[in-house]
Amino acid sequence: MDDLRVPPGPGAPHGLRVPAAELFEQFARASGPGGQGVNTTDSRVQLSLDLGTTTALDEVQRERVLARLADRLTGTVITIDASEHRSQWRNRTAARQRLAALLRDAVVPALVRRPTRPTRGSQRRRLDAKRQRADVKRHRRRPGAD
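Residues numbered from 1 in each chain as written. Predicted model: local features only at pLDDT ≥ 70, side-chain atom pairs only at ≥ 80, totals over all residues. Heavy atoms only, no water.

Asks: Can you walk me through the nonpolar core in this structure?
Replies: Proteins that are soluble and globular tend to have nonpolar side chains buried together. By size, the foremost hydrophobic cluster in this structure holds 26 residues, and its most contacted members are Leu49, Leu51, Val65, Leu69, Ile78, Leu99 and Leu103. With eight residues, the top contributor of residues to this core is helix H2 (residues 88–107). Among residues more than four places away in sequence, those in contact with Val65 are Leu51, Leu57, Leu103, Ala106 and Val107. (Core = buried A, V, L, I, M, F, W, Y, C linked by side-chain atoms within 4.5 Å. Buried < 20%, exposed > 50% of the residue type's maximum accessible area, 1.4 Å probe, protein only. Helix = DSSP H or I, 4+ residues; strand = E, 2+ residues; numbered from the N terminus. Contact = heavy atoms within 4.5 Å.)

Structural data, given as structure tokens:
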């Protein structure tokens, strides 16, 4: 198959291109639908990519991807399984699409949260509500309790 192309997005303004030589595919027998051919065809696909050595990522992207996908990695290798289709070709395409989506999401830089302050109106409403609640409780007391 051809190189894996990841469309442009945040963190990868020109997109990514993973050379086909860096992708490793293995095929196995898949469970599920397939009729008579289910026990004879190797339609399940395992697509692997070594994120530590791939030329598709620069160093900043590599660190970001390795940190974000750490729980899915074996060493620095990510493996995608696809066995939902009866055809090996369709499973290969599905695995490549899934890997491209995973890389696109993992390359996005983290958003920096800018702290905000409550507005003057929200502070006033909160204090008014506290005063009103205090009045309600104060009026529940016995008259001679003060």
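Asks: Where do I start with H2 in this structure?
Replies: Structurally, the α-helix is built with 3.6 residues per turn, so residues lying three or four positions apart point the same way. Spanning 20 residues, H2 covers 29 Å between terminal C-alpha atoms, matching the ideal 28 Å at 1.5 Å per step. Looking at H2, one finds that the buried residues are Asn91, Arg92, Ala94, Ala95, Arg96, Leu99, Ala100, Leu102, Leu103, Ala106 and Val107. At its buried positions, H2 is contacted by strand S1 (4–6), strand S2 (16–18), strand S3 (23–28), strand S4 (44–50), helix H1 (59–68) and strand S6 (77–82). The N-capping residue of H2, defined by a side-chain oxygen 3.2 Å from the backbone nitrogen of Trp89, is Ser87. (Expected span 1.5 Å × (residues − 1). Polar contact = N/O pair within 3.5 Å; in protein donor to acceptor, adjacent residues only side chain to side chain.)

Asks: So what exactly am I meant to see when it comes to the environment of Met1 here?
Replies: Within the fold, Met1 resides in the segment before S1. Sequence separation between Met1 and Leu69 is 68 residues, and the spatial gap between their C-alpha atoms is 25 Å. Setting aside anything within four residues of it in sequence, one finds Met1 in contact with Ala20, Glu25, Trp89, Arg92, Thr93 and Arg96.

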